Amino acid sequence: MSSRLVYLETFGCQMNELDSELVAGQLHALGYRFTTSADDAHVVLYNTCSVREHAEQKVWSRLGELAQRKASEPNLVVGVLGCLAERDGVDLVKRMPVVDVLVGPGELDKLPNLLDNALRTRESLSADPAPEDPNARKGLTSAREIALQGGSSRRSTTLAAAADSLELLDLSRSVSPLDPSDQPSKSAYVRITRGCNKFCTYCVVPFTRGAEIHRPPQHIIDECKMLADRGVIEITLLGQTVNHYRFEHAAAVTVGGITQPQKGRSFTGGHRRDPFAGEQTTTFADLLARIHDEVPAIQRLRFVTSYPRDFGDDVLEVIRDHPRICRYLHVPAQSGSDRILKLMNRGYTVSEYLEFVDRVRHFLHQPEIARPVGISSDFIIGFPTETDEDFEATASLIRRARFKNSFIFKYSPRPGTVAFDKLEDDVPDNVKRDRNTKLLALQNEVSDQVAREYVGHTLRVFVEGPSKKHQSQTRAREQQTHHHNHSHHGTVSLTVSARPTPADDAACQSACSTAAISPEPTRDHAEPSTIQYCARSDTDMIVFFDAPSPQAGAPDLTHTFAEVHIDRVRALSLFGTRHP
Ligand code: SAM
Ligand code: SF4
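Residues numbered from 1 in each chain as written. Chains lettered and ligands numbered in written order. Predicted model: local features only at pLDDT ≥ 70, side-chain atom pairs only at ≥ 80, totals over all residues. Heavy atoms only, no water.

Asker: Sorry if this is basic, but what is going on with the pairing of strand β21 (residues 530–537) here?
Answerer: If a strand is regular, its side chains alternate between the two faces of the sheet. Judged by how many residues are buried, β21 sits mostly within the fold: seven of eight residues are covered. Relative to β21, strand β20 (residues 458–466) runs antiparallel, the two being bridged by five bridges. From the neighbouring strand, Val 461 faces β21, where its bridge partner is Ser 537. Taken together, the seven bridges between β21 and strand β22 (residues 542–548) define a ladder with antiparallel strand orientation. Residue pairing across strands places Cys 534 opposite Phe 544, the latter belonging to β22. (Buried < 20%, exposed > 50% of the residue type's maximum accessible area, 1.4 Å probe, protein only. Helix = DSSP H or I, 4+ residues; strand = E, 2+ residues; numbered from the N terminus. Pairing = 2+ DSSP bridges.)

Asker: Looking at this structure, how should I read the environment of Val 90?
Answerer: Residue position: Val 90 is located in helix α4 (residues 90–95). Owing to a relative accessible area of 46%, Val 90 belongs among the partly exposed residues under this scheme. Each C-alpha atom, one on Val 90 and one on Leu 148, is 9.5 Å from the other, the two residues being 58 residues apart in sequence.

Asker: Would you mind showing me how to read the side chain of Glu 145 here?
Answerer: Within the fold, Glu 145 resides in strand β6 (residues 145–147). Given a relative accessible area of 13%, Glu 145 falls into the buried group. Those residues within four positions of Glu 145 in sequence are excluded, and the remaining contacts are Asp 100, Val 101, Leu 102, Leu 114, Asn 117, Ala 118 and Thr 121. (Contact = heavy atoms within 4.5 Å.)

Asker: Sorry if this is basic, but what is going on with the sheet that holds strand β9 (residues 213–214) here?
Answerer: Strands belonging to one sheet form pairs held by backbone hydrogen bonds; the direction of such a pair is parallel or antiparallel. Spatial ordering of the open sheet is given by β8-β9-β14, a layout of three strands whose pairing is antiparallel. In this open sheet, the two edge strands, each paired with only one partner strand, are β8 (193–194) and β14 (262–263). Where β9 lies against β14, two bridges are found, and the strand directions are antiparallel. When the sheet's bridge partners are listed, His 214 is paired in β14 with Gln 262.

Asker: What should I look at first to understand the site of ligand 1 in this one?
Answerer: Taken together, 16 residues lie near ligand 1, and Gln 240, Pro 332, Gln 334, Asp 378 and Ser 412 sit nearest. With respect to ligand 1, the side chain of Asp 378 contributes an N or O atom lying 2.6 Å from an oxygen atom. Counting only elements with at least two residues in the shell around ligand 1, the list comes to β18 (374–381) and β19 (405–410). For the shell around ligand 1, the class distribution of residues is seven nonpolar, four polar and five charged. (Near = heavy atom within 4 Å. Polar contact = N/O pair within 3.5 Å; in protein donor to acceptor, adjacent residues only side chain to side chain. Nonpolar A, V, L, I, M, F, W, Y, C, P; charged D, E, K, R; others polar.)

Asker: What am I meant to see in the packing of aromatic side chains here?
Answerer: Working definition: an aromatic ring pair is given by the centre-to-centre distance plus the angle between the planes. One pass over the structure, following the stated rule, counts 15 aromatic pairs. Residues Phe 379 and Phe 403 carry aromatic rings whose centres are separated by 5.8 Å and whose planes lie at 70 degrees to one another, so their mutual orientation is edge-to-face. Taken together, the positions of Phe 379 in strand β18 and Phe 403 in the loop between α14 (388–401) and β19 put the pair 24 residues apart, joining distant regions of the chain. Judged by its relative accessible area of 0%, Phe 379 falls in the buried class. By way of ring pairs, the aromatic residues Phe 284, Phe 303, Tyr 307, Phe 311, Tyr 348, Tyr 353, Phe 356, Phe 379 and Phe 403 are connected into one cluster. One Lys or Arg, Arg 52, reaches over the ring of Phe 409 and ends 3.8 Å from the middle of that ring. Geometry around Trp 60 places Arg 95 over its ring, the cationic atom sitting 3.6 Å from the centre. (Phe/Tyr/Trp six-rings, centres within 6.5 Å; stacked < 30°, edge-to-face > 60°. Lys NZ or Arg CZ within 6 Å of the ring centre and 35° of its normal.)

Asker: Mind showing me how you'd approach unusual backbone geometry here?
Answerer: Trans is the prevailing form of peptide bonds, just as negative phi is the prevailing case for residues other than glycine. Residue Val 304 is joined to Thr 305 through a cis peptide bond whose omega torsion reads 0 degrees. Phi angles above zero are rare outside glycine, and His 559 is one such case at about 65 degrees. Inspection of the secondary structure puts His 559 in the loop between β22 and β23 (561–570). By relative accessible area, His 559 is classed as partly exposed at 24%.

Asker: Where do I start with the site of ligand 2 in this structure?
Answerer: For ligand 2, the full set of nearby residues is Cys 196, Lys 198, Phe 199, Cys 200, Tyr 202, Cys 203, Val 205, Pro 206, Gln 240, Thr 241 and Arg 346. Class assignment for the residues of the shell around ligand 2 results in seven nonpolar, two polar and two charged.

Asker: What is the right way to read the packing of α14 against helix α16 (residues 429–452) from this model?
Answerer: When two helices pack together, their arrangement is given by the angle between their axes and by how far apart the axes lie. Viewed as axis vectors pointing N to C, α14 and α16 meet at an angle of 15 degrees, and their least axial separation amounts to 10 Å. Comparing the axis directions of α14 and α16 gives the class roughly parallel. In terms of crossing hand, the pair formed by α14 and α16 is right-handed. Contacts from Asp 388, Phe 391, Thr 394, Ala 395, Ile 398 and Arg 399 of α14 reach α16 at Arg 435, Lys 438, Leu 439, Leu 442, Gln 443 and Val 446. Tallied by class, the residues present in the contact of α14 with α16 amount to six nonpolar, two polar and four charged. (Axes fitted to C-alpha atoms, helices over the stretch in contact; angles between N-to-C directions. Parallel < 35°, antiparallel > 145°, perpendicular 65-115°, else oblique. Left-handed = near helix turned anticlockwise from the far one by under 90°.)

Asker: Can you help me understand the pattern of salt bridges in this one?
Answerer: If charged atoms from side chains of opposite charge come close, those side chains can pair. By the definition in use, this model includes 41 salt bridges. Note that Glu 386 and Arg 435 form a salt bridge whose closest N and O atoms lie 2.8 Å from each other. Of this pair, Glu 386 sits in the loop between β18 and α14 while Arg 435 sits in helix α16, and the two are 49 residues apart along the sequence. You'll find Glu 386 and Arg 435 in the same group, each marked buried. Notably, a salt bridge pairs Glu 453 with Arg 402, separated by 2.4 Å at the nearest N-O pair. With a gap of 51 residues between them, Glu 453 in the loop between α16 and β20 and Arg 402 in the loop between α14 and β19 connect regions that are remote in the sequence. A relative accessible area of 46% means that Glu 453 is categorised as partly exposed. On the accessibility criterion, Arg 402 (28% relative accessible area) is partly exposed. Among the charged side chains, a network of salt bridges with common partners joins Glu 234, Arg 302, Lys 404, Glu 464, Arg 536 and Asp 540. (Salt bridge = Lys/Arg side-chain N within 4 Å of Asp/Glu carboxyl O.)

Asker: Before we go on, may I ask you to explain helix α10 (residues 284–294) in this structure?
Answerer: Side chains of residues three or four places apart in an α-helix project in the same direction, reflecting 3.6 residues per turn. All of the buried residues along α10 are Phe 284, Ala 285, Leu 287, Leu 288, Ala 289, Ile 291 and His 292. Where α10 is buried, its residues meet α9 (217–229), β10 (234–238), β15 (281–283), β16 (300–304) and α11 (313–321).

Below, the structure written as structure tokens:
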């Protein structure tokens, strides 16, 4: 058991973050312990992303470093989890023989067994190395532990008829908290759908995460209740196309007493209300209303990511009528050119997207109480054949839709996708970079205008914790007084790059995580009796404010709500004064 110290690093989206949390919870319950230092670990796991090449390259370079280490540390076990494992399969092991364990995102429930096998194999090999096995001499074993879906998840188009073992991983959260000794988080992700049926031509997700699967509503609600009982007050529901959520109770299948998730029907689109709504169905609108009403301890309910074509008035009405559901929608448009949208297989036109944006504002905009609706988008620039005219159309969509922020990605050709096979990546990199910079500047301008509309209003914000500025000042003080603390006990390292920081992708013009925010410049003479907090409005605006420090005897405001009067805007963030 002493050789079961795990380092787990996560790349990619919120879905991967949640997967890592669930995997860590399972391993923790089995006696594994975690470290934030890969060098100390006996087991190094990377939970990977393959949406863009950039995220993959980081994993390849980490694996390259581990290959050198393994030459002198043959008992080290290396595992690659997630989308890269699923996409490359055994080719990944051929390229990187250092990898012992390979588990796709649809098979993560099998990780504990595979890891156990790998560790036992290492232990028996080190006790009795087989001299004739050249891999063993190099510190490598020829036995590998592999669990991949290999496209099997798409074999059946009927509703689920067999036990869905991955559901058990989600359900396991209720019995195996990550580490009860840790400070419990007040924010949590809850998965409502897995996979995707959309097949946008550039995107690898339908291949790596499989068909769209919808979890039974009662499982989701029970999970929210369990999290609320543990002190969580903010929940983000996760799915690739969350608004496609629908559970048909008449078709529910139960295996071993557990209701099974269902494969999603294809959404035909264009409807304003779910055509299957009724007593026998839980629609996305029903699910939001049920969580809101049945789990009142959840103060903020968010969901990502929404698909623009199938967003019904029924959902907008529920958001409007339920105060604890956030007025924030992340609804990627991807392009402002109808020709490119068609090549992307997005299934909507620019005017349909704009009609949707107008509808959202019609239902949810309340500027008189500084409760406008926050809408954000993703854009891919430099998609094959994109002309200056197409690019201008995207710029004009940003101006017209007035997104609070957008995430802009340079097109990255992904093996296995239709665009990779059929369309040449013909926009030169310097043109992509130039368009990226221009769009970023434009979105910054729009974001700044949107932010300025809050000045003079009072917002109710959820305090996430001390700002980066405050944290770096504290660290500097600690270093000066030689009190630097290296406690790494029981934590899981998360390197999350779903939302790239400017340094990461030169793409993100606003921030959806505090890590990407630039707080006000540090003043050397900062008053230690005050603390700068970072908070968030329900429209997803980042708000900074000062308050008396807990070190000076004031209450810690972290994970509480505060009323903040907004005084000014800087670097797309709001700065204000807290009402006592
Ligand atoms: N399901 C969400 C939707 O459709 O809006 C998005 C999920 S995807 C993992 C996150 C974002 O990555 C997409 O919105 C898209 O902008 C970007 N993306 C996906 N594939 C890409 C590619 N091949 N190159 C560049 N960006 C990509
Ligand atoms: Fe990828 Fe499109 Fe599915 Fe989003 S909707 S995950 S972009 S295929």
